[in-house]
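# Structural description and commentary
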Amino acid sequence: MVFSKFALLRPVLNGFKASNKCLTSAAAQLEPNREPDILYNKIFINNEWVDSVSGKTFPTVNPSTGEVICQVAEGDKADVDKAVAAATDAFKIGSPWRRMDAADRGLLLYRLADLIERDKSYLASLETLDNGKPYQVAMATDLNLVIKCYRYYAGWADKYHGKLLPISGDFHSYTRHEPVGVCGQIIPWNFPLLMQAWKLGPALAMGNTVVMKPAEQTPLTANYVAQLAAEAGFPPGVLNIVPGYGPTAGAAIASHMGVDKVAFTGSTEIGQKIPVMAAQSNLKRVTLELGGKSPNIILSDADLSEAVEHSHFALFFNQGQCCCAGSRTFVEEKIYDEFVERSAERARKRTVGDPFDKSNEQGPQIDQEQYDKIMSLIKSGKDDGATLIAGGNRIGDKGYFIEPTVFSNVEDNMRIAKEEIFGPVMQIIKFKTMNELIDRAHDTIYGLAASVFTNDIDKANYLAHHLRAGTVWVNCFDVFDAAAPFGGYKMSGNGRELGEYGLQAYTEVKTVTVKVPQKDS
């Protein structure tokens, strides 16, 4: 299957059209609101909106223009302390949340999913305004996956439980799956709504309480979902949102003595600091989903048209701001030149501009810092001797738009082949043999994802089993589902999110053994 510009979105859009009951037509809901009202820009504690203790605010910026959207309350340690106190109180024995049946927790998550679906167009518009991703992608991909994630974990709420243990002797022994407690969660800016769902879904389904810090670049949709959670009926203190900066609010969560578990998605650089803070405080549990430099492998027997289009998507989707992006494209020598030529042609055809315009595939990068980093790495690619065959320049004079960029003749030791660029920059690398390929694919600190394009099932299985990566896609890329776990090897993190595996991080296993007068089989 060869993907046209938005073919990846069609199944999602079709499902949306079939299920939408909130508006009279799907077309009406698909219309973006370029100026969505900003309803919630404070700190959310105990189901109430409050100013920061310090009274400070910070700006959240529209990456399409570089202009300030609004000021947001800037949380720090004092606000995290208040949020943790609220979450601790909500988690007390005998509280409404602790007394709630597991099935009823699931009902609350179903309600939250329904409310997100009701306000889908507004949330997509807000995400596009604050993050810069194309509206039709936010609408049909991000929001669809968000809703499915909450519904998936709603179903797990009363189905993940302990076991009866046939131990020796006159004893009745069993295990309980109990919530960990107060969970600190720190989410990134590239998929704000989706990363929030990946973390809240399993945490709330298992009965934990949460203190979450959204990325300072993109706090607006996380705040809106908090209000929807209150509307759904989650008790006060179960979900608390503290916008703020990493070194202040984020560090306060990671090092807080009252937080029992911390989950972080973001850069490997910061991910290395989180376990240190966790260990130096109360040795809290830690799960990390970090960076990547994923090998995307094209064998000579692959369907070249499919491989080119999939590889384009693997790198350029979400403006290249994906931790699992196929950012090292390894192409077998026999087809290298043709693959390079076709990839450059496809990149030149990629439409970039106003993310509210449905004709555009690519919006701006998230902010000035990320823009500067990407442009610096493009320069390093040219300086190191790689061949720039498409793009490489800024687009326009406002916002953070960058041309889809393609390099050929890339060597493994170049910065663009080693560092996570997190932008629309494709590096195409030549290889000759399978043995050489595996060694080179593993020559990285990362191990988040990998992909293989081939029509040879034996080669596909061989590579899928030998590549050290948490996810391996074969003849596809970026196929996500709430049922499929995701996470990395090596410095791409530890632990897994999504699927049944994602519940493990949010439960403690307790063994209970009771002496009985006589046990019979």
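Our subject in this report is the structure included herewith. Bear in mind the structure is a predicted one, so any value in this text is a computation, not a measurement. (Residues numbered from 1 in each chain as written. Predicted model: local features only at pLDDT ≥ 70, side-chain atom pairs only at ≥ 80, totals over all residues. Heavy atoms only, no water.)

What follows concerns the nonpolar core. Leu112, Ile116, Leu123, Tyr150, Leu204 and Phe234 are the most contacted members of the largest nonpolar core, which totals 83 residues. Per-element accounting of this core gives the leading share, 12 residues, to helix α7 (residues 135-156). Those residues in contact with Leu204 that sit more than four places away from it in its chain are Trp97, Arg105, Leu109, Val210, Phe234 and Val238. Counting 27 residues, the second largest nonpolar core, distinct from the first, contains Tyr371, Ala386, Phe407 and Ala469. (Core = buried A, V, L, I, M, F, W, Y, C linked by side-chain atoms within 4.5 Å. Buried < 20%, exposed > 50% of the residue type's maximum accessible area, 1.4 Å probe, protein only. Helix = DSSP H or I, 4+ residues; strand = E, 2+ residues; numbered from the N terminus. Contact = heavy atoms within 4.5 Å.)

With that settled, the discussion passes to the side chain of Lys293. In this structure, Lys293 sits in the loop between β11 (285-289) and β12 (295-298). It turns out Lys293 is buried and unbridged, and the closest side chain with the opposite charge, Glu419, is 8.0 Å from it. Only 2.8 Å separates the side chain of Lys293 from the backbone oxygen of Ile416, close enough to count as a polar contact. Only 3.0 Å separates the side chain of Lys293 from the side chain of Gln427, close enough to count as a polar contact. (Lys, Arg positive; Asp, Glu negative; His and termini not counted. Salt bridge = Lys/Arg side-chain N within 4 Å of Asp/Glu carboxyl O. Polar contact = N/O pair within 3.5 Å; in protein donor to acceptor, adjacent residues only side chain to side chain.)

Moving on, we get to unusual backbone geometry. Of note in this structure, Asn46 is not a glycine but carries a positive phi near 55°. As for its position among the elements, Asn46 is in the loop between β1 (43-45) and β2 (48-50). Judged by relative accessible area, Asn46 falls into the partly exposed class, the value being 33%. Positive phi values are uncommon outside glycine, yet Asn318 reaches one of about 60°.

According to the stated counting rule, one finds 26 salt bridges in the structure shown. Glu361 serves as the salt-bridge partner of Arg350, at 3.7 Å between the closest nitrogen and oxygen. With a gap of 11 residues between them, Arg350 in the loop between α14 (336-349) and α15 (368-383) and Glu361 in the loop between α14 and α15 connect regions that are remote in the sequence. You'll find Arg350 and Glu361 in the same group, each marked buried. Each member of the salt-bridge network shares a partner with another, and the members are Glu309, Arg346, Arg350 and Glu361.

Taking strand neighbours across the sheet as the criterion, the three strands line up as β5-β6-β24 in an open arrangement whose pairing is antiparallel. In the strand order of this sheet, the two ends are held by β5 (164-165) and β24 (507-515), each with one partner. Sheet topology places strand β6 (residues 171-179) next to β24; nine bridges connect them, and they run antiparallel. Note on β24: the bridge partner recorded for Pro179 is Thr507. (Pairing = 2+ DSSP bridges.)

On to the sheet that holds strand β18 (residues 425-431), then. Taken together, seven strands build an open sheet; the order of strands is β14-β17-β18-β13-β12-β20-β21 and the sheet is mixed. Only two strands of the sheet have a single neighbouring strand rather than two, namely β14 (387-390) and β21 (471-474). In this sheet, adjacent strand axes meet at a mean angle of 25° when their direction is disregarded. One ladder, built from four bridges, connects strand β13 (residues 328-332) with β18; its direction is parallel. Within β18, the position partnered with Glu332 by the bridge is Phe431. Across the sheet, helix α17 (residues 434-441) touches β12, β13 and β18, and the angle it forms with β18 is around 145°. (Axes fitted to C-alpha atoms, helices over the stretch in contact; angles between N-to-C directions.)

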